[in-house]
Amino acid sequence: MTDTPRTLAEELRTRTDSGLVGLLRARPDLLNPVPGDVTQLATRAGTRGSVVRAVERLDRFALQTAEALAVAPDPCPYDTLAALMAGDAGDGAVAAELPRAVAELRAQALVWGPDDRLRLVRTARELLAPGPAHPSPTGLGPTVAEATSGMSPGRLQEILTAAGLPTTHDPVSAVAALTALFSDRARMAALLDRAPAEAVAVLDKLLWGPPYGGVTDRPAPHLQWLLDRGLLLPAGARNVVLPREAALHLRGGRTHHSPEPVPPALAPTTERDPQLVDNAAAGQAFTALATVEELLKEWDLGGPPVLRAGGLSVRDLKRTATALDTTEQLAAFWLELAYAAGLIASDGEADERYAATPAAEEWLQLPDHERWAVLVAGWLPSTRTPGVVGSADAKGRALAALGPHLDRSPAPEVRRRALTLLADLPPGTSVPATAVLSRLRWERPLRGGGAGTVTGAATGSATGTRPPMAAAATTTGPAATPATPATPAAGNAPGAPESTAAGDDLRSRLAQEALTEAELLGVTGRGALSSHGRALLGTEPGTTGAAPGTSGSAPGPAGTTAEVAGTAARAAALLAPLLPEPLDHLLLQADLTAVAPGPLERPLAEALDVLADVESKGGATVYRFTPASVRRALDAGRSAAELQEFLRTHSRTPVPQPLSYLIDDVARRHGQLRVGAATAYVRCDDDALLSEILADRRAATLRLRRLAPTVLAAQASPEQLLDGLRAMGYAPAAESAAGDVLIARADSYRTPPRSAPTPVPDGPPAPDGTLLQAAVRAIRAGDLAATAERKPVPAPTPVAGGLPRTTSAETLATMQAAVLTNSALWIGYVNADGAASQRVIAPVRVEGGFVTAYDHTADEVRTYPLHRITGVAELADDTV
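Because the structure is predicted, anything quoted here is derived from the model rather than measured.

Next up on the list: the overall build of the chain. Scanning the chain from N- to C-terminus turns up 33 helices and 25 strands. Burial status across the chain gives 48% buried among its 880 residues. In the chain, the share of contacts with a sequence separation of at least 24, taken over all contacts with a separation of at least 6, comes to 67%. Entry remark: accessible area of the chain is about 39,200 Å², with carbon and sulfur atoms responsible for 55%.

Now for the nonpolar core. If you look at the biggest cluster of nonpolar residues, it comprises 91 residues, and the most contacted ones within it are Leu24, Leu81, Phe182, Leu231 and Leu232. With eight residues, helix H5 (residues 60-71) is the single largest residue contributor to this core. Those residues within four positions of phenylalanine 182 in sequence are excluded, and the remaining contacts are Val144, Met188, Leu191, Arg229, Gly230, Leu231, Pro243, Glu245, Ala246 and His249. One finds Leu266, Leu317, Ala338 and Leu364 within the second-largest nonpolar core, a separate group that totals 71 residues.

This part covers the side chain of arginine 441. Following the sequence through the fold, arginine 441 ends up in helix H22 (residues 433-443). One polar contact links arginine 441 to serine 508, side chain to side chain, over a distance of 3.2 Å.

Sheets are built from strands that pair by backbone hydrogen bonding, the pairs being arranged parallel or antiparallel. The sheet built from five strands is open, its strands ordered S24-S23-S22-S21-S25 with antiparallel pairing. If you trace the sheet from one side to the other, it starts and ends with strand S24 (860-865) and strand S25 (869-874), each paired once. Each adjacent strand pair in this sheet contributes to an overall mean axis angle of 45 degrees, direction not counted. Two strands pair when backbone bridges link them, and strand S21 (residues 825-830) and S25 are joined in this way by five bridges, in the antiparallel orientation. Considered in S25, the bridge of isoleucine 827 is made with valine 872. The sheet contacts of helix H33 (residues 808-821) involve S21, strand S22 (836-847), strand S23 (850-855) and S25, and relative to S22 the element is tilted by about 65 degrees.

Remark: the centre distance and the inter-plane angle together describe each pair of aromatic rings, the angle taken between the planes. Counting across every chain of the model gives three aromatic pairs. Between tryptophan 299 and tyrosine 354, the ring centres sit 6.2 Å apart and the planes meet at 25 degrees, which makes this aromatic pair stacked. Note that tryptophan 299 is positioned in the loop between helix H16 (274-298) and helix H17 (314-324) and tyrosine 354 in strand S8 (residues 354-356), a separation of 55 residues in sequence. For the pair shown, tryptophan 299 and tyrosine 354 are each scored as buried.

Let us look at the side chain of aspartate 278. Note that aspartate 278 resides in helix H16. Buried charged residue aspartate 278 carries no salt bridge. Nearest counter-charge: arginine 534, at 7.3 Å. Looking at aspartate 278, its side chain comes within polar contact range of the side chain of serine 531, at 2.8 Å. Contact partners of aspartate 278, with chain neighbours within four places excluded, come to Ser530, Ser531, His532 and Leu578.

With that out of the way, let us pick up helix H21 (residues 411-423). Relative to the 18 Å expected for 13 residues at 1.5 Å per residue, H21 spans 18 Å between its end C-alpha atoms, a close match to the ideal helical length. Of all the 13 residues making up H21, 13 are buried; the element is thus mostly covered by neighbouring parts of the structure.

The subject of this paragraph is a negative patch on the surface. Among the surface-exposed residues, Asp685, Asp686, Asp687 and Glu692 lie close enough to one another that they form a single negatively charged patch. Position of glutamate 692 among the secondary structure elements: in helix H30 (residues 687-695).

Bringing the confidence of the model for the chain into the picture now. Scored by pLDDT, the chain has a mean of 83; 86% of the residues are at 70 or more. Confidence drops under a pLDDT of 50 for residues 455-503, and excluding neighbours within four residues, the segment shows 120 contacts in the predicted structure.

What follows is about the pattern of salt bridges. According to the stated counting rule, one finds 38 salt bridges in the structure shown. As a salt-bridge pair, glutamate 10 and arginine 6 come within 2.8 Å of each other at their nearest N and O atoms. Since its relative accessible area comes to 9%, glutamate 10 is described here as buried. For arginine 6, a relative accessible area of 57% puts it in the exposed group. One salt bridge in this structure joins arginine 15 and glutamate 11, with 3.9 Å as the shortest N-O distance. Each of the two residues, arginine 15 as well as glutamate 11, counts as buried.

A rise of 1.5 Å per residue sets the reference length of helix H23 (residues 506-521), with its 16 residues, at 22 Å; its end C-alpha atoms lie 22 Å apart and thus fit the reference within 8%. In terms of residue burial, H23 counts as a mostly covered element, since 12 of its 16 residues are buried. On its buried face, H23 is in contact with H16, helix H18 (328-340), helix H20 (368-379), H21, H22 and strand S10 (524-525). Looking one or two residues beyond H23, the residue adopting positive phi is glycine 522, at roughly 80 degrees.

Right, let's get into the environment of glycine 49. Structurally, glycine 49 is set in helix H4 (residues 48-56). C-alpha separation for the pair glycine 49 and aspartate 29, spaced 20 residues apart in sequence, amounts to 9.3 Å.

Here strand S13 (residues 593-596) runs beside strand S15 (residues 621-624); their pairing, made up of four bridges, is antiparallel. Looking at the pairing, alanine 594 lines up with tyrosine 623 of S15. In this sheet, S15 lies alongside strand S14 (residues 613-616) in antiparallel orientation, the contact comprising three bridges. Bridging across to S15, serine 616 finds its partner in valine 622.

Read across the sheet, three strands follow the order S3-S5-S4 without closing on themselves; strand pairing throughout is antiparallel. The outermost strands of the open sheet, each flanked by one partner alone, are strand S3 (212-214) and strand S4 (233-234). One ladder, built from three bridges, connects S3 with strand S5 (residues 239-241); its direction is antiparallel. Directly across from glycine 214, in S5, lies its bridge partner asparagine 239.

Both strand S18 (residues 704-708) and strand S19 (residues 711-714) contribute to a ladder of four bridges, which runs antiparallel. If you follow alanine 708 over to S19, its bridge partner there is valine 711. Counted along the chain from S18 to the antiparallel partner S19, the turn is two residues long.

We now examine the environment of alanine 54. With respect to the helices and strands, the residue alanine 54 is situated in helix H4. You can call alanine 54 buried: its relative accessible area is 3%. Each C-alpha atom, one on alanine 54 and one on aspartate 29, is 9.5 Å from the other, the two residues being 25 residues apart in sequence. Non-local contacts of alanine 54, meaning those with residues more than four positions away in its chain, are made with Arg27, Gln108 and Leu110.

Turning our eyes to something else, we now look at the packing of H16 against H17. For any two helices packed against each other, one specifies the crossing angle of their axes together with the interaxial distance. Put simply, H16 and H17 touch, their axes get as near as 10 Å, and they point 125 degrees apart. Between H16 and H17, the angle is such that the two are oblique. Here H16 runs over H17; the crossing is right-handed. Contacts between H16 and H17 involve Thr291, Glu294, Leu295 and Glu298 on the former and, on the latter, Thr320, Ala323 and Leu324. Taken together, the residues of the contact of H16 with H17 sort by class into three nonpolar, two polar and two charged.

Once that is clear, we can look at unusual backbone geometry. A cis amide bond links asparagine 32 with the next residue in sequence, proline 33, at an omega value of -5 degrees. The phi dihedral of leucine 402 falls on the positive side, at around 65 degrees, and the residue is not glycine. Within the secondary structure layout, leucine 402 lies in the loop between H20 and H21. In this structure, arginine 703 takes a positive phi of about 50 degrees despite not being glycine.

The next thing to look at is the environment of glycine 310. Checked against the element boundaries, glycine 310 lands in the loop between H16 and H17. Along the sequence, glycine 310 and proline 404 sit 94 residues apart, while their C-alpha atoms lie 6.4 Å from each other. With near-sequence residues (within four places) excluded, glycine 310 lies in contact with Ala400, Gly403 and Pro404.

About the criteria used
Residues numbered from 1 in each chain as written. Predicted model: local features only at pLDDT ≥ 70, side-chain atom pairs only at ≥ 80, totals over all residues. Heavy atoms only, no water. Helix = DSSP H or I, 4+ residues; strand = E, 2+ residues; numbered from the N terminus. Buried < 20%, exposed > 50% of the residue type's maximum accessible area, 1.4 Å probe, protein only. Contact = heavy atoms within 4.5 Å. Areas by Shrake-Rupley, 256 points an atom, 1.4 Å probe, with all protein chains shown as cover. Core = buried A, V, L, I, M, F, W, Y, C linked by side-chain atoms within 4.5 Å. Polar contact = N/O pair within 3.5 Å; in protein donor to acceptor, adjacent residues only side chain to side chain. Pairing = 2+ DSSP bridges. Axes fitted to C-alpha atoms, helices over the stretch in contact; angles between N-to-C directions. Phe/Tyr/Trp six-rings, centres within 6.5 Å; stacked < 30°, edge-to-face > 60°. Lys, Arg positive; Asp, Glu negative; His and termini not counted. Salt bridge = Lys/Arg side-chain N within 4 Å of Asp/Glu carboxyl O. Expected span 1.5 Å × (residues − 1). Patch = residues over 30% accessible without salt bridge, like charges linked within 9 Å, V, L, I, M, F, W, Y side chains within 5 Å. Charge placed at Lys NZ, Arg CZ, Asp CG, Glu CD. pLDDT = per-residue confidence, 0-100. Parallel < 35°, antiparallel > 145°, perpendicular 65-115°, else oblique. Left-handed = near helix turned anticlockwise from the far one by under 90°. Nonpolar A, V, L, I, M, F, W, Y, C, P; charged D, E, K, R; others polar.

Spelled out as structure tokens, the structure:
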């Protein structure tokens, strides 16, 4: 092997193990399956799908560097690349950051070769190089050689003559002379000094792209001047193009109008007391817990039905929003949050409907900070995006809350990265959301699915595959008037040739939603990351992340479920002291209301929910006592004396007399009438009361008749009889067959055990260190088997794939000799599926038609049938 690698595979062989590990970590798709050797690794690294994924994850400056290499000569010296990026005037920031960008491209195997011969992999060049169908984001067109391909020698001579160059009958020399003229700053400046002002204006319009324009059959004189000298070359019947070399001269040698070597600053900043931020976040966290608890209470007896296509209907979403006293969009977020945490799900029955899960019952019994940990542990890695609820899918159907097609696989990575950017700021510091979005767009300019993406990537969908990558710019501009070429497409004007609208790309929308959701959950407070939010991300207060400007600093999604649960638990421990302590008392008022000045202990809150109705919520909750609410408590089995004692025990104020009278009055009438099953009957010790009921016209629908002075029979069910009597103003109680009062306590409805939804992965999972080390060992071993020098094999006929070929006797004899000498061999092997491979083995034992050997390719001891070994050869040098 020469000192200078001739291929990407040769360069990869020279990398250290840590270098290969870095490549596989940055591009995990290369691991599926593990390449057999370095050649397979290099081949896979150059496939279109893998290159597209790698290019998508470049930051803006690394991408600009790759785009410059795509229009540079191949190979390209580093100095030439630096001149293309910084221009003739130079740029200190570009010069300082360019080595980092080249190193990143080289680490990801998108660029290889030494600094004097940098090569962009062919697939990346095809994706990023300009062409009529997919212009480059640089706005540059084809070279003179490409634009004049197929041009007649006579026309080339005319161009040379008009440009003042010596004529030549060799087309190659003619193209080279014209290229040299356009690349020579002094001669090109002298040529343009003689150009008409209108011609220079035309060049200015095409300068930053797109470089194509239209002309008529009889172009204006200033256009003809450009055509005669090759400054505009034909690109079709009525189209022309500005050659790349001429455009670079006009641009001052720069490929990009605005190189962006450093990321946008996170500014302006607003500094607040970190304790105030933590308190604000804790208050919002408590509100989030109360909202989810209210949702579970609303669905305690079973939630709304599931649509046939899945999800919640618009009507049921509105009802849920009304019950939670919030907007429909926020209601969708709380529903998806509870769903991601495994607290609600569909019951899977024939008449399918939503309900709380058994896990919700356990969640309600946890302390507040632990309940918060469950919510954020489900939210952080979730790919569910409630922000798209109500929008239309690819078929024009509205997306429903809790329904399918709400997964967006980049969501966890974007969510985590947006919060990490806040963690890089000092504690208590916040920045506008627009600053965070600008930084995210710089870090991953191609991941949004909007303008500025690479042409030709595989299509994707909302269920986890990456979004389709659109063309970087428009194609040939519309035909111009006879006087002027086409004007560049909108959006490519100088100053913003590569910008992406903030609201047009998926990544920006996900980031905006992540910041809003983090505030709702209390991960952030007043726009700044809280102390428990930093713990959730695994960052310590006051520390910063990776250095700005490194695209590798953007973390991927949160780790395993256990890791996320662990960080959530640590964050909850920091949140616990900030949450309000539950109260064991309330304040009774004379207007039949009670005020809870804060969160109540769970037993007290549950009892009060039965005895009174919630009238208003906020920092303090107001409850109202009514005859219906008191009767509800009596139906639940509480006596009047127990209710009076309950209020005296938990009220910091005396029990108002109107409230005592209300309880006693409802209790006096409660159970005076008894309803049982005959079909149904009413019995009462007061026969006058029964006579009053019989005489009431409203009782006609119950079809009552007297069986005894104290018993009435009804042709209605007990439930209908109870409802009818209550509608008439009475307070009957149900009784059992034994005559005991039945306690009317509603049973909670729960789904069968359900697990939380599994996030949709965004590409291959990130490999761990053990897998990476094992993969590198396997690649090295396979490469050794493929490249080790072998002794000549006495095979009369070579076999396909270069496998050795020996007779069975020769194979057996060589194997037995290798066992005695403890030497390694090169073998050809065909498995049961007929797949052939080559391996380097060290035989240990040969018996029974099998050879047991240490396989250096697989890095383990294996047993091979001798009849499947095509042949064997000794290694020239024992390099194993």
